[in-house]
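Take a look at the letters that make up each chain.
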Amino acid sequence: MSEKYGKSFTVAELGDRIDRDTATAYVYADDDPSMRFVVRTDKSGEVIYEEYPYRLMCRKVENKINETFAKYGIVSECFVTFTPRRNINVSPNMTFDEFVKVNTLETAITDIVVLSDVDLTGEKIVNVYTEICDYLENVDFGTCIYVLTESDFNKIKEKIRHEVETFALQDLKYSGASDNINELFIKVEDKKMPLTSSEIDSELGRE
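Conventions and cut-offs
- Residues numbered from 1 in each chain as written.
- Predicted model: local features only at pLDDT ≥ 70, side-chain atom pairs only at ≥ 80, totals over all residues.
- Heavy atoms only, no water.
- Helix = DSSP H or I, 4+ residues; strand = E, 2+ residues; numbered from the N terminus.
- Rg over C-alpha atoms; globule rule 2.2 N^0.38 Å.
- Buried < 20%, exposed > 50% of the residue type's maximum accessible area, 1.4 Å probe, protein only.
- Contact = heavy atoms within 4.5 Å.
- Areas by Shrake-Rupley, 256 points an atom, 1.4 Å probe, with all protein chains shown as cover.
- Lys, Arg positive; Asp, Glu negative; His and termini not counted.
- Charge placed at Lys NZ, Arg CZ, Asp CG, Glu CD.
- Phe/Tyr/Trp six-rings, centres within 6.5 Å; stacked < 30°, edge-to-face > 60°.
- Pairing = 2+ DSSP bridges.
- Axes fitted to C-alpha atoms, helices over the stretch in contact; angles between N-to-C directions.
- Core = buried A, V, L, I, M, F, W, Y, C linked by side-chain atoms within 4.5 Å.

Visitor: When you look at the overall build of the protein chain in this model, what are you seeing that I'm missing?
Guide: Check the secondary structure of the protein chain and you find seven helices and eight strands. For 207 residues, the compact-globule estimate of 2.2 N^0.38 gives 17 Å, and the C-alpha radius of gyration of the protein chain, at 18 Å, lies within 12% of that figure. Each principal axis of the C-alpha distribution contributes one length, and for the protein chain these read about 60 × 40 × 30 Å. The burial tally for the protein chain puts 44% of its 207 residues in the buried class. Pairs at least 24 residues apart make up 61% of the contacts formed inside the protein chain by residues separated by at least 6 positions. Looking at the protein chain as shown, the accessible area adds up to about 11,000 Å², and 45% of this sits on carbon and sulfur atoms. If you average the places of the 25 positive and of the 40 negative side-chain charges in the protein chain, the two averages end up 3 Å apart.

Visitor: How do you make sense of the packing of aromatic side chains when you look at a structure like this?
Guide: By convention here, two paired aromatic rings are described through the distance between centres and the angle between planes. Considering all chains together, one arrives at 11 aromatic pairs under this definition. Aromatic side chains F9 and Y52 sit 5.1 Å apart centroid to centroid with 85° between the ring planes, which places their arrangement in the edge-to-face category. One end of the pair, F9, is in strand β1 (residues 9-14); the other, Y52, is in helix α2 (residues 52-71), and 43 residues separate them in sequence. Taking the centre distance of 5.1 Å and the plane angle of 50° together, the rings of Y129 and F141 count as tilted. Residue Y129 is found in helix α4 (residues 122-136), and its partner F141 is found in strand β7 (residues 140-148); the two are separated by 12 residues along the sequence. Under the relative-accessibility criterion, Y129 is labelled buried at 0%. By relative accessible area, which is 0% here, F141 ends up buried. Joined through ring pairs, the aromatic side chains of Y5, F9, F37 and Y52 make up one cluster.

Visitor: What's the story with the sheet that holds strand β3 (residues 32-42) in this structure? I'm lost.
Guide: The strands that make up a sheet pair up through hydrogen bonds in the backbone, lying either parallel or antiparallel. As summarised here, the arrangement of the four strands in space is β1-β2-β3-β4, forming an open sheet in which the pairing is antiparallel. Each edge of the sheet is formed by a strand with only one pairing partner; in this case those strands are β1 and β4 (47-50). Averaged over neighbouring strand pairs, the angle between their axes works out to 40° when direction is ignored. When β3 meets β4, the two strands line up antiparallel, connected through three bridges. Paired with T41 across the two strands is V47, which belongs to β4. Contacting β1, β2 (22-29), β3 and β4, α2 runs over the sheet at an angle of about 150° to β3.

Visitor: For this particular structure, what's the right way to read the pairing of β3?
Guide: Where a strand is regular, its side chains alternate between the two sheet faces. Pairing geometry for β2 and β3, over eight bridges, is antiparallel. From the neighbouring strand, V27 faces β3, where its bridge partner is F37. Connecting the antiparallel pair β2 and β3 is a turn made up of two residues. Hairpin connection, β3 to β4: the antiparallel pair is bridged by four residues, and G45 has positive phi, about 90°.

Visitor: What exactly am I supposed to notice about the nonpolar core here?
Guide: Nonpolar side chains tend to gather and get buried jointly when the protein is soluble and globular. One finds F82, Y129 and F141 to be the most contacted residues of the largest nonpolar core, which totals 38 residues. Among the elements of the structure, α2, β5 (76-83), α3 (96-102), β6 (107-115), α4, β7 and β8 (182-188) are those that each provide at least two residues to this core. When residues in this core are grouped by element, the largest group, seven residues, is from α4. With sequence-adjacent residues up to four places away left out, F141 is seen in contact with I65, T107, A108, T110, I112, Y129, I132, C133, L136, I186, K187 and V188. Core analysis: the next-biggest nonpolar cluster, separate from the first, contains 14 residues, F79, C144, A177 and I181 among them.

All we've got here are geometric facts, nothing functional implied.
Rendered as structure tokens:
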């Protein structure tokens, strides 16, 4: 991989073997230890599958989502993946516009962790989602927002940056978050928000 991409990589940890002939590792590029990705090798150590360009593209979208939340004063971390995930055409220097054009993408599946504060409102979330959906073009946006206290957010934010798969509420608790977590599920199809700002406020207990 170093020869292929012109940079050095480090194995962060080893995963489970799929069978006797393959092994999984979670790897990062040395110029960005925060972004982990999956690499699978055969029994001779040759790489037979790796997700480096794919995770680079997902990280671009993650950064866009976090920047959009920040625009409205909301601190967030998130993990993004796309469906379908098989046979994705992507390269390290590809823009998101190019990525959308050369792939048939259905949904951007996103787990978002946000820091709870008095300024987290339904109106802000609607504005954030409107901007993100414009960025995603014709890709639907399926998300779960987890609202955490500052203490819990600080415990798990680094782990979210290291994620290689979608996560759930129990994963956040396993990483040290408390039981005091609000969840909000939103799926935007054809750029149409399924909930109004007041309905989101109600879901978050912020009426």
